[in-house]
Amino acid sequence: MNRPELAIEARTVHKSFRDKQTGKTEDALKSVDLQIPMGSLTALVGPDGAGKTTLLRLCAGLMRPDQGELKVLGIDVAQHPQPVQDRISYMPQRFGLYEDLSVQENLDLYADLHGVPAADRIERYRRLLHMTDLARFTERPAGKLSGGMKQKLGLACTLVRSPDLLLLDEPTVGVDPLSRRELWQIIQQLVEEESLSVVVSTAYLDEASRCDEVYVLHEGELLAQGTPDLLCERALGCCFTAVPGKGESPRQLQSRLIDHPDLIVDAVPHGGEVRFVTQANVTQEALEPLLRGARTQAVPPQLEDGFMVLLRKRLGAASPDVDSLERQRSIAGPPDEVVIEVRDLVRTFGDFTAVASTSFDVRRGEIFGLLGPNGAGKTTTFRMLCGLLPSSSGFLQVAGVNLRTARASARRRIGYVSQKFSLYGNLTVLENLRFFGGAYGLHGKRLSARIVQVMEQFDLSGQARTRSGELPGGFKQRLAMAAGLIHEPEILFLDEPTSGADPLARRAFWRRITALAEGGTTIIITTHFMEEAEYCDRIMIQDAGKRLAMGTPQQVRELVSTADPAQGRLSMEDTFIGIVEHSRNGSAGHSEVNP
């Protein structure tokens with residue numbers, strides 16, 4: 001069989017979907033052109049609803065384009081989907097592992113489904129289990145694997161046959177930094193050693209920067225394409241870091257900068273500083289009122305900088321509704337009051353210890369981050385703090401209530417936003433807010449007033465009659481936040497709320513969280529985006545149920561020294577990986593911080 005030069009070739013591909021309820025037709029892809037060479041590693045990036053998943057499903061032969069021509073491995077996939085499917089592997093966002101089957105049984109099942117000859121399996125299994133580091137766990141049920149291990153098993157099952165093209169739809173969503181690094185090592189090894197063609201959609205721009213070519217999609221249209229270096233050039237000369245002045249946190253400086261889109265394209269806390277991108281031709285004099293003496297330094301652009309410039313150019317200088325943010329209710333109480341107190345907290349499941357004798361306090365108005373690899377025990381800790389899971393032993397008090405004796409009383413004073421969208425998909429936005437408001441004890445005029453307020457606060461007014469299950473991911477996240485805050489809780493628990501969200505959505509989310517904290521709401525958050533740890537006042541890193549480090553982001557960074565001074569300030573991702581690897585290797589040298 002002749003090997004084509006292009007893995008994928010699309011010419012004016014268009015795809016739309018009709019809403020069965022409203023009868024409206026919405027475009028998912030609009031006249032998309034692309035050419036992806038064989039043997040290349042290609043990224044699809046773009047905000048939620050950009051069309052990335054639709055494009056991958058078209059390439060996998062699971063849907064037909066409405067217009068245009070789409071060739072995969074030189075074959076018209078709309079006319080001949082089966083020959084294409086015989087030569088590709090596709091890993092969707094929700095890959096279907098059989099959780100009651102062991103690792104080995106899952107591999108066998110997918111090998112049977114794909115008709116992999118028995119003679120080919122032994123070597124293929126050996127290689128995949130070695131690459132994924134799952135050889136020690138072949139007898140373990142898939143349901144008992146950590147999230148990162150499940151993703152690696154899903155990738156191994158996808159690759160039980162040797163494909164000519166691998167399609168990956170956000171394979172690292174919900175995966176911790178260690179597992180994310182391991183997954184990318186596997187992907188790059190496949191490209192280098194097997195000349196495999198890989199197309200991956202991702203919400204992580206640092207992942208896209210590893211690829212040969214990047215395609216930027218927005219609302220179904222192709223905004224730009226090119227090498228990561230080429231796309232970075234869009235932010236050339238506009239990228240800086242700023243060291244906050246005395247008494248100011250990076251989060252405070254970041255929120256002030258991002259509130260001025262006429263001057264600032266993007267701003268994020270990074271390494272104890274703030275990295276920001278200016279609009280073209282903005283002078284230092286114009287920035288000074290925002291910087292307030294913060295020391296700045298020009299830095300080279302990164303792919304995320306170029307991406308944000310592209311989107312801001314497309315969307316205009318979108319500003320957060322600062323007036324709405326400032327109308328957040330202030331929570332009464334002393335600013336240093338301890339609102340969560342944990343002492344010697346333990347949770348066991350049979351003879352397995354998920355959380356081992358953990359202690360910490362959280363103060364009013366603090367943003368406190370729980371970090372750890374998949375399976376570290378942070379979700380178990382989180383669920384105990386929320387009153388969703390009883391502790392096995394130890395002392396746990398939330399909002400002045402002992403959770404071992406009065407969990408229901410405490411729950412009325414907290415809000416909770418889960419990792420997975422947990423609202424009622426068949427109910428409209430308005431109906432969900434009425435239901436959750438009523439569940440939290442709001443009625444009549446008070447409930448009606450709060451619904452109006454949270455719909456305005458989270459920009460949901462135009463979606464009031466839309467069923468929540470039909471909302472784009474970004475709107476679902478906003479609705480979940482609105483439902484969690486409708487009763488104005490003192491404490492808000494957020495379980496990986498930005499998992500899979502694009503950079504634009506994450507910036508808007510954190511601007512709201514900053515405003516809530518400034519009003520006295522206490523925030524407890526778990527996240528796998530290590531850049532988000534920089535927004536926290538303090539963080540705690542756990543692994544294997546044990547606390548490894550706790551302190552401000554800067555204090556935790558100082559636990560990890562870098563041998564190369566040229567690296568500059570250590571990123572939180574490198575800090576996290578360094579602390580966890582040190583612990584797992586049994587190395588001494590980290591003295592825990594606990595101010």
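As annotated in an unreviewed UniProt entry, the protein chain carries the name ABC transporter multidrug efflux pump and is attributed to Marinobacterium lacunae.

**Q** Hey, could you run me through unusual backbone geometry in this one?
**A** Backbone phi values are negative for most residues with the exception of glycine, while trans is the configuration of most peptide bonds. Unlike most non-glycine residues, glutamate 219 shows phi in positive territory, near 50°. Looking at the element boundaries, glutamate 219 is found in the loop between strand 9 (213-218) and strand 10 (221-226). With a phi close to 55°, glutamate 488 is a non-glycine residue in the positive phi region. Judged by its relative accessible area of 18%, glutamate 488 falls in the buried class.

**Q** Can you walk me through the pairing of strand 21 (residues 491-495) in this structure?
**A** The buried fraction of strand 21 amounts to five of the five residues, a majority that puts the element mostly inside the structure. Bridging between strand 21 and strand 22 (residues 522-526) involves five bridges; their strand directions are parallel. From the neighbouring strand, isoleucine 491 faces strand 22, where its bridge partner is threonine 522. With helix 18 (residues 503-518) bridging strand 21 and its parallel neighbour strand 22, the resulting β-α-β unit is right-handed.

**Q** Would you mind going over the pairing of strand 8 (residues 197-201) with me for this structure?
**A** Put simply, side chains in a regular strand alternate between the two faces of the sheet. Across the five residues that make up strand 8, a large majority, five, are buried. Both faces of strand 8 are covered, namely the face carrying Ser197, Val199 and Ser201 and the face carrying Val198 and Val200. Where strand 3 (residues 41-45) lies against strand 8, four bridges are found, and the strand directions are parallel. For leucine 44, the partnering residue across the bridge sits in strand 8 and is serine 201.

**Q** Where do I start with the pattern of salt bridges in this structure?
**A** Tallying each qualifying case throughout the model produces 36 salt bridges. Note that glutamate 194 is salt-bridged to arginine 127, the shortest N-O span being 3.0 Å. Of this pair, glutamate 194 sits in helix 6 (residues 177-194) while arginine 127 sits in helix 4 (residues 118-132), placing them 67 residues apart in sequence. Here glutamate 194 falls in the partly exposed class, since its relative accessible area comes to 28%. Ionic contacts of the salt-bridge type, sharing partners, join the residues Asp266, Glu304, Arg506, Arg507 and Glu531 into one network.

**Q** Please clarify how the packing of aromatic side chains should be interpreted in this entry.
**A** One pass over the full model with this rule turns up eleven aromatic pairs. Note on tyrosine 424 and phenylalanine 436: the rings are 6.2 Å apart at their centroids and 35° apart in plane angle, and the pair reads as tilted. Separated by twelve residues along the polypeptide, tyrosine 424 in the loop between strand 20 (414-417) and helix 15 (429-439) and phenylalanine 436 in helix 15 bring together distant segments of the chain. By relative accessible area, which is 42% here, tyrosine 424 ends up partly exposed. Taken together, a centroid distance of 5.4 Å and an interplanar angle of 90° make the contact between phenylalanine 509 and tryptophan 510 edge-to-face. Summarising the burial analysis for this pair, phenylalanine 509 and tryptophan 510 share the class buried. Each member of the aromatic cluster is reached from another via a ring pair, and the members are Phe382, Tyr416 and Phe493.

**Q** How should the confidence of the model for the protein chain be read in this particular structure?
**A** For any part of a model where pLDDT is low, the fine detail of the predicted coordinates should not be relied upon. On average, the protein chain scores 87 in pLDDT, and the residues at 70 or more come to 92%. When pLDDT is averaged over each element of the protein chain, helix 8 (residues 228-232) comes out on top at 97 and helix 12 (residues 322-326) at the bottom at 50.

**Q** What's the story with the sheet that holds strand 15 (residues 338-349) in this structure? I'm lost.
**A** Across a sheet, strands are paired by hydrogen bonds formed along the backbone, either parallel or antiparallel in direction. A sheet is described by the order of its strands in space; here four strands give the open sequence 16-15-18-19, paired in antiparallel fashion. Each edge of the open sheet is held by one strand with a lone partner, namely strand 16 (352-363) and strand 19 (401-402).

**Q** Please clarify how the domain arrangement of the protein chain should be interpreted in this entry.
**A** Accessible area lost on assembly of the parts is the figure often given for the size of an interface. By the assigned domains, the protein chain splits into domain 1 (6-226), domain 2 (232-315) and domain 3 (338-580). Considering only the surface of domain 1 that becomes buried against domain 2, Leu205, His218 and Leu223 emerge as the three largest contributors, covering 54% of it. One can count one salt bridge joining domain 1 with domain 2. For glutamate 221, the salt bridge goes to arginine 314, with nearest N and O atoms at 3.1 Å. Counting every contact that joins domain 1 to domain 2 gives one residue pair in polar contact (both at pLDDT 80 or more). Counting residues per element, the ones that place at least two in the side of domain 1 that touches domain 2 are helix 7 (205-208), strand 9 and strand 10. When the residues that make up the side of domain 1 that touches domain 2 are grouped by side-chain class, the tally is eight nonpolar, three polar and one charged.

**Q** Teacher, can you tell me more about the sheet that holds strand 22 here?
**A** Strands sit in the order 20-21-22-17-23-24 across an open sheet of six strands; the sheet is mixed. In this open sheet, the two edge strands, each paired with only one partner strand, are strand 20 and strand 24 (546-551). For this sheet, the mean angle separating the axes of adjacent strands, direction not counted, is 15°. Bridge analysis of strand 20 against strand 21 gives four bridges, and the strand direction is parallel. Considered in strand 21, the bridge of glycine 415 is made with leucine 492.

**Q** Even after reading the chapter, I still don't get the state of the cysteines, so can you show me in this structure?
**A** A covalent bond bridging the sulfur atoms of two cysteines is what the word disulfide describes. Under the counting rule described, the total for this entry stands at zero disulfides. Lacking any disulfide linkage, cysteine 59 is separated from the closest cysteine sulfur, that of cysteine 211, by 15 Å. Take cysteine 211: it sits in no disulfide, and the sulfur closest to it among the cysteines is that of cysteine 232, at 13 Å.

**Q** Looking at this model, I keep getting lost on the packing of helix 3 (residues 103-113) against helix 4. Mind explaining?
**A** The description of two helices packed together rests on the angle between their axes and the distance between the axes. Helix 4 packs onto helix 3 with a crossing angle of 130° between their chain directions and a minimal axis gap of 12 Å. The pairing of helix 3 with helix 4 is recorded here as oblique in orientation. Here helix 3 runs over helix 4; the crossing is right-handed. For the pair helix 3 and helix 4, contact is made by Val103, Gln104, Leu107, Asp108, Ala111 and Asp112 and by Arg121, Tyr125 and Leu129, respectively. Of the residues belonging to the contact of helix 3 with helix 4, the class tally is five nonpolar, one polar and three charged.

Reading the values: rules and limits
Residues numbered from 1 in each chain as written. Predicted model: local features only at pLDDT ≥ 70, side-chain atom pairs only at ≥ 80, totals over all residues. Heavy atoms only, no water. Helix = DSSP H or I, 4+ residues; strand = E, 2+ residues; numbered from the N terminus. Buried < 20%, exposed > 50% of the residue type's maximum accessible area, 1.4 Å probe, protein only. Pairing = 2+ DSSP bridges. Right-handed = clockwise from strand over helix to strand, strands pointing away. Salt bridge = Lys/Arg side-chain N within 4 Å of Asp/Glu carboxyl O. Phe/Tyr/Trp six-rings, centres within 6.5 Å; stacked < 30°, edge-to-face > 60°. pLDDT = per-residue confidence, 0-100. Domains from an automatic or database assignment. Buried area = accessible area lost by both parts, 1.4 Å probe. Polar contact = N/O pair within 3.5 Å; in protein donor to acceptor, adjacent residues only side chain to side chain. Nonpolar A, V, L, I, M, F, W, Y, C, P; charged D, E, K, R; others polar. Axes fitted to C-alpha atoms, helices over the stretch in contact; angles between N-to-C directions. Disulfide = S-S within 2.5 Å. Parallel < 35°, antiparallel > 145°, perpendicular 65-115°, else oblique. Left-handed = near helix turned anticlockwise from the far one by under 90°. Contact = heavy atoms within 4.5 Å.

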